[in-house]
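The residues making up each chain are set out below.
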Amino acid sequence: MVDVAVIGAGQTKYGNHPLGLKAMWAEAATNAFNSVDNNFEAKLVDEAFIGSVAFGGAQLGNTAAILTEHSGMKGCSVRRVENACASSGFALRDAMMAIKSGEADIVVAGGIEKMNDLSAERKRYWLGVSGDTEWERLAGLTFPGTYALMARRHFHEYNSNHDDLVNISVKNHMHGFENEVAHIRKEVSFEKAAGGFMVADPLTLYDCCPTSDGASCVILAADHVVREFTDDPIWLKGSGAGSDHLALHDRHSITQMSATQKAVAQAYKSSGLSVNDIDLAEVHDCFTIAELMATEDLGFANRGEGGIFAREGRGRRNEGDVAINPSGGLKSKGHPLGATGTGQAVEVFKQLKGIVEPARQIRDAEVGMTHNVGGSGATCAVHIFGRDR
Amino acid sequence: MMDEVIEQETIVWKGYLACFGNDSCVIQSPWILDGDCVFGADSDHTTLAVAAIQLMQSKGCNLDSINALPDVEASIITMTTGVEIVQASEDETVELSADWDLCISDDARVVICKKDSDLELWQPEGTIEVDADFHQEITSAWQKECNPNHVSQGAYISRQQYDEGAAARLKLLGQELDGKMIWPPRQMDDNGLAIPQASTSLHGEATVESWTKLAPAGAPSEFSFRAPILGGITTVFVRFKQGPRGVFLLVDDEDNNPQIGDQVQFVTRRIYAQEAFIRYGLKCQIVKE
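Student: What's the story with the overall build of chain A in this structure? I'm lost.
Tutor: A tally of regular secondary structure across chain A gives 13 helices and twelve strands. The C-alpha atoms of chain A give a radius of gyration of 19 Å, which matches the 21 Å a tight globule of 389 residues would have. Projected onto the principal axes, the alpha-carbon positions of chain A cover approximately 55 × 45 × 35 Å. Of all 389 residues assigned to chain A, the portion counted as buried reaches 65%. A separation threshold of at least 6 residues defines the contact pool for chain A, and within that pool the share at least 24 residues apart is 78%.

As structure tokens, this is what we get:
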């Protein structure tokens, strides 16, 4: 089987972006091309997989075609991948599989979302489009609501509490503070985060990620062409994906995500690695409770002990067992839906290459993980990257 | 039609006030404004009619069909209660043939009575004064929401999709498979095997397993006119005694903070409207000791 490496990765800054869809993508793609150690040209790309929910007001259909033709990839095989917030996590998986199939040598996986060019009223229409529209939306739920239901139930079943979520928020803001591409580069105190405006009881403003614009792009290469581009590739060592019932009420449990459990089991198996090998993990913390549950589902904490893990600071950069969200995560770095999954891969690529801002560098980082969840957990893609093949 | 005021026990029923007699049932909104009975945040004559019929059915009345003016949504009442609503056609070729009449007042009250019988006025206990501004704002919000030009620009439940799920939504119709209830109905089970068509309703006994109150700005666009007036909307995640779970809006929840473990009952209310089509559904009400 062909091995797959990441040879380049780049992104835009996340946030309220002045650029439109095409310009944002061009910037992310250019940053990715320029990050390749040796010369790289867009025309070398065989296939492109671009994740997007198509939230913004520019292009709904054929998004991948218009983006790639504006970034030097006209003519290559392209498509948009849509799995809600996990769109580009799945784009990355599809890109890897295209290479493993032997049909392609160089493949781009990327993602993009423009969320802040809409009026407040139109934005409201998009809130929660990826939840169960017929039953959850008509019960008044958008994602803050569904995750709030999970949080309250987790508190009830496992004696976790809102302070545990506040600890996650404080950590991620601290991690994102020095990240030049983060949407919110602001540290928050425990007291401030604990007293935030209530968005969906018990989740406050500081438990929720922002709505961000942004684009991200990762370049994958087959093992037999890697050395043409770099002597220092980051290997994509494992990949897993899973799905679950879309609606919370159909799931076995609302305090764990079986899609994540399935995806990470596959990723550990395909990489030959275990949870103890992970030095850093970019975890899908669209809401703080999502990170708490993910630390359990990914194996960093025992079932029901995600609150204790957060309380004890075991996910803090260069202090804990493993660095959880060294980029600041969705909470601080931002969450441009379709761009988030490959944006996580950009962070892991840079951490493993040792090229992030020095203050954010995870010491001796050898293995990193990305965990990208669609909506309230209906889909999940997990990838494991390493410096060694 | 209404003759003398009588003293009769007020029944609190499905969030309304009701009075039940041998040949009649009067039901009204508990909210009062300047002496008039007015609708609450999500009620109308259709939801009152549903509650009245359900009360009569709970008292053993056998109602097959009821005559009604076209001011109520007959399909919703029939779907929810199983009672046929006979409505006169505009050309008057359809005769009001039922033995019972559904009478609608100008205010938030309906009466169901034997055809051509006299009615007795009733003074309910337990009415609540409603804030005039709140009432005006919520009424105005519904008017905007019911406008034919009020259309979705994003996630959307079409009328066809709503109709497909209406029996599950309005009377908790589910499927039975190997002694287990499945709700909302599904096409196949987890093994890819087809499930028999929905034919059995859940009993409607359920317990709160989680809940949240969403701030107005976070509510789906379907609720964007009303959520700010209501100060947010509360959703409960419940488990039915027969196994399935579901999410429902809480009705009249201004002063209610649910607790995990609370028992709920289900009431028929307006959910939202788009394109001049009101989607009705069940909402939860906490059962108080």
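Now that the structure is up, let's keep going.
Student: Looking at this model, I keep getting lost on the overall build of chain B. Mind explaining?
Tutor: A count of helices and strands for chain B gives five helices and 20 strands. Counting every position in chain B, which comprises 289 residues, the buried fraction comes to 43%. A separation of at least 24 residues holds for 61% of the contacts in chain B among residues at least 6 apart in sequence.

Student: Where do I start with the sheet that holds strand 6 (residues 36-37) of chain B in this structure?
Tutor: To summarise the sheet geometry, strands pair through backbone hydrogen bonds and adopt either a parallel or an antiparallel arrangement. Residues and elements named next belong to chain B. Strand order in the open sheet formed by three strands is 6-5-12, and the pairing between neighbours is mixed. Because the sheet does not close on itself, it has two edges, and the strands there are strand 6 and strand 12 (128-129). Sheet topology places strand 5 (residues 31-33) next to strand 12; two bridges connect them, and they run parallel. Along strand 12, the bridge assignment pairs Trp31 with Ile128.

Student: Which parts of the structure should I look at to understand the sheet that holds strand 2 (residues 11-13) of chain B?
Tutor: Residues and elements named next belong to chain B. What the seven strands build is an open sheet, ordered 2-3-4-10-9-7-8; its pairing is mixed. The open sheet is flanked by strand 2 and strand 8 (84-87), the only strands paired with a single partner. For this sheet, the mean angle separating the axes of adjacent strands, direction not counted, is 25°. Here helix 2 (residues 74-81) sits on the sheet and contacts strand 7 (65-68) and strand 8; the angle it forms with strand 8, its principal contact strand, is near 160°.

Student: Would you explain the pairing of strand 18 (residues 245-249) of chain B in this entry?
Tutor: Each regular strand shows side chains that alternate between the opposite faces of the sheet. Residues and elements named next belong to chain B. A large share of strand 18 lies buried, amounting to four of its five residues. Alignment of strand 17 (residues 233-240) against strand 18, held across five bridges, turns out to be antiparallel. The partner of Arg239 across the bridge, within strand 18, is Arg245.

Student: Sorry, what's going on with the interface of chain A and chain B here?
Tutor: Size of an interface: often given as the accessible area lost when the parts come together. Each partner contributes to the interface: chain A provides 32 residues, whereas chain B provides 33 residues. Among the elements of the structure, helix 4 (120-126), helix 5 (143-158) and strand 5 (198-200) of chain A are those that each provide at least two residues to the side of chain A that touches chain B. Ranked by residue count, the leading element in the side of chain A that touches chain B is helix 5 of chain A, at seven residues.

Student: Any chance you could explain the packing of helix 1 (residues 45-58) of chain B against helix 2 of chain B here in plain terms?
Tutor: Two measures define how a pair of helices packs: the angle their axes make with one another and the distance between the axes. Residue and element names in this part refer to chain B. Running from N to C, helix 1 and helix 2 cross one another at 30°; their axes reach a closest spacing of 10 Å. With respect to each other, helix 1 and helix 2 are oriented roughly parallel. Where helix 1 crosses over helix 2, the two elements pack in a sense that is right-handed. Together, Thr46, Ala49, Val50, Ile53, Gln54 and Gln57 of helix 1 and Ile76, Ile77, Thr80 and Thr81 of helix 2 make up the contact between the two elements. Partitioning the contact of helix 1 with helix 2 into residue classes produces five nonpolar, five polar and no charged.

Student: Looking at this structure, how should I read the domain arrangement of chain B?
Tutor: Residue and element names in this part refer to chain B. Domain annotation of chain B identifies domain 1 (2-130) and domain 2 (203-286). One C-alpha centre belongs to domain 1, the other to domain 2; they are set 24 Å apart. Taken residue by residue, the interface counts 13 residues in domain 1 and ten residues in domain 2. In terms of residue count, helix 1 provides more of the side of domain 1 that touches domain 2 than any other element does, four residues in total. For the side of domain 1 that touches domain 2, the residue count by class is four nonpolar, six polar and three charged.

Student: I keep staring at the environment of Arg227 of chain A and nothing clicks. Help me out?
Tutor: Following the sequence through the fold, Arg227 of chain A ends up in the loop between helix 8 (223-226) and strand 8 (234-243). Since 13 C-beta atoms lie within 10 Å of it, Arg227 of chain A is described here as partly exposed.

Student: Can you help me understand the nonpolar core in this one?
Tutor: Soluble globular proteins: nonpolar side chains tend toward being buried together. With 202 residues, the main nonpolar core has Val6, Val218, Ile219 and Leu220 of chain A together with Ala52 and Ile112 of chain B as its most contacted residues. With eight residues, helix 1 of chain B is the single largest residue contributor to this core. Each of domain 1 (2-130) and domain 2 (203-286) of chain B contributes no fewer than three residues to this core. For Val6 of chain A, the contacting residues outside a window of four places in its chain are Val218, Ile219, Leu220, Pro233, Ile234, Leu236, Ala345, Phe349 and Phe385 of chain A.

Student: Looking at this structure, how should I read helix 10 (residues 288-297) of chain A?
Tutor: Structurally, the α-helix is built with 3.6 residues per turn, so residues lying three or four positions apart point the same way. Residues and elements named next belong to chain A. Counting buried positions over the ten residues of helix 10 gives ten, a clear majority of the element. By the burial criterion, the buried members of helix 10 are Thr288, Ile289, Ala290, Glu291, Leu292, Met293, Ala294, Thr295, Glu296 and Asp297. Note on helix 10: the residue one or two positions beyond its end, Gly299, has a positive phi of about 100°.

Student: Is there a simple way to explain the environment of Ala68 of chain B in this structure?
Tutor: By the secondary structure assignment, Ala68 of chain B is in strand 7. Leave out the neighbours within four places in its chain, and Ala68 of chain B touches Ala74, Ile85, Val86, Gln87 and Leu102 of chain B.

Student: Even after reading the chapter, I still don't get unusual backbone geometry, so can you show me in this structure?
Tutor: What you tend to see is this: most non-glycine residues have negative phi, and most peptide bonds are trans. Residue Pro202 of chain A is reached from Asp201 of chain A by a cis peptide bond, and omega for that bond is 10°. By the element assignment, Pro202 of chain A lies in the loop between strand 5 and strand 6 (203-204). A cis amide bond links Trp183 of chain B to the next residue, Pro184 of chain B, at an omega of -10°. Tracing the backbone shows Pro184 of chain B in the loop between strand 14 (180-182) and strand 15 (200-201).

Basis of the calculations
Residues numbered from 1 in each chain as written. Chains lettered and ligands numbered in written order. Predicted model: local features only at pLDDT ≥ 70, side-chain atom pairs only at ≥ 80, totals over all residues. Helix = DSSP H or I, 4+ residues; strand = E, 2+ residues; numbered from the N terminus. Rg over C-alpha atoms; globule rule 2.2 N^0.38 Å. Buried ≥ 20, exposed ≤ 12 C-beta atoms within 10 Å, placed from the backbone. Contact = placed C-beta atoms within 7 Å. Pairing = 2+ DSSP bridges. Axes fitted to C-alpha atoms, helices over the stretch in contact; angles between N-to-C directions. Parallel < 35°, antiparallel > 145°, perpendicular 65-115°, else oblique. Left-handed = near helix turned anticlockwise from the far one by under 90°. Nonpolar A, V, L, I, M, F, W, Y, C, P; charged D, E, K, R; others polar. Domains from an automatic or database assignment. Core = buried A, V, L, I, M, F, W, Y, C linked by C-beta atoms within 7 Å.

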